[in-house]
Each structure stands twice: as C-alpha cells, then as structure tokens.
Amino acid sequence: MQFRDDFLWGGATAANQFEGGFREGGKGLSTADVISNGTRKEPRKISLNMDPSLYYPSHQASDFYHHYKEDIALMGEMGFKVYRMSIAWTRIFPQGDEETPNEEGLLFYDHVFDELKRYGIEPMVTLSHYEMPLELTKKYNGWADRRVIDFFMKYCRVVFERYRDKVKYWLTFNEINSAMFAAGGYMGLGILNDQEKEQISLHDQKDIPDVRFQGLHHALLASAKAVKLGHEINPDFRIGCMLAMLVYYPYSCNPQDMIKSQQEWQKFNYYCGDVQVRGAYPSFSKRIWKEWGVQIRMEEGDEQILKEGTVDFISLSYYMSNCVSSDLTKECTEGNIVGGVKNPYLKTTDWGWQIDPDGLRYTLNEIYGRYNCPIIIVENGLGAYDQVEEDGTIHDPYRIEYLRDHIEAIGQALEDGVDVFGYTPWGCIDLVSSGTGEMKKRYGFVYVDADDYGNGSFARSRKDSFYWYKKVIASNGRDLD
C-alpha cells in the first residue's frame, strides 16, 4: 500500500460528545444538551426542560473543555497531522439569534487552535455536528424555518473571519443525510414537532416528512451559502460536505433485491451527495418526494445557490454495511443503525454492528466513481467494552484488528485509483456515544476514566492501540503489525 506523502492521519471527535463545560464560558443550551443517556435497549430521551432524574451526558462528556492541552499533547505524541473537531454553535451565539457573538467562546477555540498549531496538527472543523442552539428549536422549530439560514450564516461569517488564518479545512454539516431518517429530524435539523411533551423518545418523536424534507432543503442551501462565503473570506479555505455512508448490498441476485439496493443508495447517500457535490437535486429526487408524500417549496434563486456552493472535497463516515431483501421473511439484524437483513458472512461488534472492511473499499470506489472528488474518511472505528487491568494497562487487540483491516481496505482503494487524502478514526479519545449516550461504548486510543453517569476522575490513559496507531502514522501506513 502506498499512501501519499502528505496523507492526513489523525482522529475525530464532536463538541457535544467530547467537550463538556456546557454552562461555562457563556455557552448556551444546545439541542444536544437536553438529550439524556440511554442504552442499546433503552432509547435516549429529549426533554426540553431537563428532568433532574435523568443524566445528560453532553454536560460533562469527556471534559475536553478543561483537558484540551493534555488531550492535544496526546494527539501530538501519536503524530496526528489533522484533528477533526466541531465548534459548538452555542459557544459563539448562545441563543442563536443574538446580534453579537460571545467573545469568551471565540477565545476558547483560539486557544484550542493555537495549541494544535504547537504540535503541527491541522484542525478540520465541522460547523454543525448534531447540535444547534436550543432556542432556535423552540422559536423556529430548527431548520424547518427558512430564517434559520440567516442565523447560521452570521455564525459562519464570525468563525470564518475569526479563524481565517488558523483553520484551513471546514465541514458544513455532520452527516447531513441523516435527515433522510425520521430520527435525524431532531439530531441533524433541530426539528421537534411535539414540543409540548415533557419527554420524547429520540426514536419516537412525531415525524412530519414534509417539514423534515423542507428543513433539509434549508440546511442544504445553508451549506452551499457557507461554501461560497468561506471562499470569499479566504480563497485558500478547503470546504467539504460530510455524509454518513449507508452501504447497501442486495441480499441475493434477485432483480428485486438489486433494485431495492440501488434505491437505498440513491435515497440515503446520493440525494444529499448530488446536491452538495454536483450542485443540483438528482433526477430520482422526484420519485423520493413522491414516496414520502412531500413537496419541496423552493424560492427563486435556490437552484442557483446550490449550483454555486459545491464543495471542494467529500468527507464521510463508515462503520458497517447493510443487506436489503425484497423477501420479508429473511432474518433481520437488530444492531445495524438502519437494520436490514443479517449478512451471514460478517462478524458483529459488542453493540451488534456488522464489521465489513471490504465494504469501505467498495464504498470509496462507488463514491469516487460517481463524483470524481477527493475523499477523506473522518469517522471509522470500533465501539467496544475496554477493561482496565490491575496495573492500569488496557489491551484492545480487537480495536487494532478492526482499524488495521479498514486501513488495508483504504490502501486497496488507493490502488484502485481512488483519491483518498486522509483518515481520522472516530472518538480518538473516549467520548459519549451519540446513538446511546453511553461512555462505556469506547472508541478511543486514549481511555477516559468516566462512566455512563459522569462518575470518575476523567484521567487519561494510553491503550495498546495508542502505541500501535503512533507506529502506523510514523510509517505512513506501511507498518500495520
């Protein structure tokens, strides 16, 4: 395998799962701050007024807010070239609709970026990663209201101008295509159609497809406008989209399975990908709108905005593949995010996600073949239980095996001719799971001493995978043993 000399090795986190300090430095409440923890069996709950009997993991998370110097030093020790992170919108505009930004919040990220620079680490910053000011949900129902575009653009202008000489790589929205699912309406778009309820299961909130698709249209417009604005402020900015790769295999060669697989790819991957990379809704979008019973309301000039705001590169998350079948009697898998038919050829993680490194090679070829646009994998990793031994060591060969197999798959894609320029495994330092709100579902090379309820010293410890990944980076992917 031959990785390019300037390949960007690193790691990835998100503010709402990692940062903590939710009421410090003038930060306002975000949509993520009112989601409780849960388990694989018990869904997380949304409660706008925060039930004191529930635990809200974003409030402390991994406490990067107070540990950022230590954490960045650990990244530097591993040899990171890039750190994919996010800015908490509510640190900059606590309510979302203020006239002036919060200077204390801006200063915090100044410190973070300066610390990264000390170690030669390039930040890659996500502008909106599954959180937005809670007040924008309460007042406008999040992205369902077109006026939120203007609030987002004010936020973008402030951070683009403030960090124009500190940040080169930007991502607009994390996994924007998650809004194709009902649950993505709140996580990705801040849309909550039953705000009068005291508590709402994250997976059972009321879904109004017409509202959700309209909100996604507004977010896609905001993404395009942010790309154009960023390039105007600094032509050297490289601004990308971020897609959750939902990989679908036909379960059999039954033509109906083939069609079903193709349509799932179109719906969940290409619908948003085409808008952000090609600058227009795809031809099959009309079929999707008809299936959902929705009608997108576009204003004059919307098509031009999308056309002028195409991204410079594609970033993506990849964790698993999925099988689909037209035969409803086939055994389903309960673990995968989108369910589907169980693939008998694959192993599963502790949380039931099917492990498929070959699927990453397949995905990279599919995406690059469609878009001919540079790609970086900004999320990939294994959520697992980790055991701290009596001597403090943490042996995680399962994580090393998972990452080794996926890095080999990237190398194979490079040999296929795919332009992959970076890799940032998810949760490089342990963080809270967005799906379940658990800390025990660990991804990191670094262990954080905290449990699912924020108990612990929050001390950092290197796992075996820390030393392995350090060696991988130092050898530019040649030494994976």
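Going by the structure above, here's the rest.
The rules behind these values
- Residues numbered from 1 in each chain as written.
- Predicted model: local features only at pLDDT ≥ 70, side-chain atom pairs only at ≥ 80, totals over all residues.
- Heavy atoms only, no water.
- Helix = DSSP H or I, 4+ residues; strand = E, 2+ residues; numbered from the N terminus.
- Rg over C-alpha atoms; globule rule 2.2 N^0.38 Å.
- Buried < 20%, exposed > 50% of the residue type's maximum accessible area, 1.4 Å probe, protein only.
- Contact = heavy atoms within 4.5 Å.
- Areas by Shrake-Rupley, 256 points an atom, 1.4 Å probe, with all protein chains shown as cover.
- Phe/Tyr/Trp six-rings, centres within 6.5 Å; stacked < 30°, edge-to-face > 60°.
- Lys NZ or Arg CZ within 6 Å of the ring centre and 35° of its normal.
- Expected span 1.5 Å × (residues − 1).
- Axes fitted to C-alpha atoms, helices over the stretch in contact; angles between N-to-C directions.
- Parallel < 35°, antiparallel > 145°, perpendicular 65-115°, else oblique.
- Pairing = 2+ DSSP bridges.
- Right-handed = clockwise from strand over helix to strand, strands pointing away.
- Core = buried A, V, L, I, M, F, W, Y, C linked by side-chain atoms within 4.5 Å.
- Polar contact = N/O pair within 3.5 Å; in protein donor to acceptor, adjacent residues only side chain to side chain.
- Salt bridge = Lys/Arg side-chain N within 4 Å of Asp/Glu carboxyl O.
- Left-handed = near helix turned anticlockwise from the far one by under 90°.
- Nonpolar A, V, L, I, M, F, W, Y, C, P; charged D, E, K, R; others polar.

Draft legend 1. A look at the overall build of the protein. Scanning the protein from N- to C-terminus turns up 14 helices and 16 strands. Computed over the C-alpha atoms, the radius of gyration of the protein is 21 Å, within 12% of the 23 Å expected from 2.2 N^0.38 for a compact globule of 481 residues. Viewed in the frame of its principal axes, the protein has a C-alpha envelope of about 60 × 55 × 50 Å. In the protein, buried positions account for 62% of the 481 residues. When contacts within the protein are restricted to residue pairs at least 6 apart in sequence, those whose partners lie at least 24 apart make up 75%. Put simply, the protein shows about 18500 Å² of open surface, and 47% of that area lies on carbon and sulfur atoms.

Draft legend 2. Main features of the environment of E401. If you trace the backbone, E401 turns up in helix α13 (residues 397-415). Look at E401 and you get partly exposed, because its relative accessible area is 41%. Put simply, E401 and I149 are 252 residues apart on the chain and 43 Å apart in space, counted from C-alpha to C-alpha.

Draft legend 3. Highlighting the packing of aromatic side chains. Tallying each qualifying case throughout the model produces 44 aromatic pairs. Within the aromatic cluster, the residues linked to one another by ring pairs are F18, F64, Y65, Y68, Y83, F108, Y109, F113 and Y163. Stacked on the ring of W292, the Lys or Arg R212 has its end atom at 4.6 Å from the ring centre.

Draft legend 4. The arrangement of α13 in detail. Over its 19 residues, α13 runs 27 Å from end to end, which matches the ideal 27 Å to within 8%, given 1.5 Å per residue. Among the residues making up α13, those that are buried are R399, I400, Y402, L403, H406, I407, A409, I410, G411, A413 and L414. In this structure, the buried residues of α13 make contact with β1 (8-12), β12 (354-355), α12 (357-371), β13 (375-379), β14 (420-423) and α14 (464-474). Downstream of α13 by one or two residues, G417 has phi in the positive range, about 100°.

Draft legend 5. Structural context of the packing of helix α9 (residues 255-278) against helix α10 (residues 285-292). The N-to-C vectors of α9 and α10 enclose an angle of 100°; their axes lie 11 Å apart at closest approach. When the axis of α9 is compared with that of α10, the two are roughly perpendicular. Contacts from Q263, Q266, K267 and Y271 of α9 reach α10 at S285, R287, I288, W289, E291 and W292.

Draft legend 6. Main features of the sheet that holds strand β7 (residues 238-244). Spatially, the eight strands close up into a barrel ordered β1-β3-β4-β5-β7-β9-β13-β14, and their pairing is parallel. If you compare each strand with its neighbour and ignore which way they point, the axes differ by 30° on average. Strand direction decides the pairing type here: strand β4 (residues 122-128) and strand β5 (residues 169-173), joined by four bridges, are parallel. In the strand pairing of β5, M124 is matched with Y169. Against the sheet, helix α8 (residues 209-233) touches β5 and β7, its axis set at about 160° to β5. Across the sheet, α12 is in contact with β9 (313-317), β13 and β14; its angle to β13 comes to roughly 135°.

Draft legend 7. Looking closely at the pairing of β14. In the sheet, β1 pairs with β14 via two bridges, with the strands oriented parallel. Opposite L8, over in β14, you have G422 as the bridge partner. In the sheet, β13 pairs with β14 via three bridges, with the strands oriented parallel. From the neighbouring strand, I377 faces β14, where its bridge partner is Y423. Remark: the β13/α13/β14 crossover connection has right-handed handedness.

Draft legend 8. Representation of the environment of I35. Summarising the element assignment, I35 is placed in the loop between α1 (15-18) and β2 (45-46). Sequence separation between I35 and A474 is 439 residues; the distance between their C-alpha atoms is 39 Å. Not counting the four nearest positions on each side in its chain, I35 is found in contact with R44, K45, I46, Y56, P57, Y186, M187 and L202.

Draft legend 9. Layout of helix α4 (residues 103-118). Spanning 16 residues, α4 covers 23 Å between terminal C-alpha atoms, matching the ideal 22 Å at 1.5 Å per step. Of all the positions in α4, only G105, L106, F108, Y109, D110, V112, F113, E115 and L116 are classed as buried. Against the buried residues of α4 lie α2 (64-78), β3 (82-86), α3 (89-92), β4 and α6 (148-162). Directly beyond the C-terminal end of α4, a positive phi value near 70° is found at G120.

Draft legend 10. Broad picture of the nonpolar core. Residues W143, F152 and W170 are the most contacted members of the largest nonpolar core, which totals 138 residues. The dominant element in this core, judged by the number of residues it contributes, is α8, at eleven residues. In contact with W170, other than residues within four places in its own chain, are I87, V125, L127, V159, F160, Y163, F237, R238, I239, G240 and F313. Listed in part, the 13 residues of the second largest apolar core include I35, L134, L192 and I200.

Draft legend 11. Representation of the side chain of R84. Tracing the backbone shows R84 in strand β3. Reaching out from R84, the side chain makes a polar contact with the side chain of E379 at a distance of 2.9 Å.

Draft legend 12. The arrangement of the pattern of salt bridges in detail. Going through the model one piece at a time under the given rule, you end up with 38 salt bridges. Taking the shortest distance from any N to any O, the salt bridge between K45 and E42 comes out at 3.0 Å. In this structure, E299 engages R146 in a salt bridge whose closest nitrogen and oxygen atoms are separated by 3.4 Å. Of this pair, E299 sits in the loop between α10 and α11 (302-308) while R146 is found in the loop between α5 (134-140) and α6, placing the two residues 153 residues apart along the sequence. With relative accessibility at 23%, the residue R146 sits in the partly exposed group. One continuous salt-bridge network, built from bridges that share partners, spans D386, D396, R399, D430, R442 and K463.

Draft legend 13. How the structure looks around the packing of α6 against α8. Between α6 and α8, the shortest axis-to-axis distance is 10 Å and the interhelical angle comes to 30°. Relative to α8, the element α6 is oriented roughly parallel. The handedness of the crossing between α6 and α8 comes out as right-handed. Facing α6, whose interface residues are I149, F152, M153, C156, R157, F160 and E161, α8 presents H218, L221, A222, K225, A226, L229, G230 and I233. Looking at the contact of α6 with α8 residue by residue, the classes come out as ten nonpolar, two polar and three charged.

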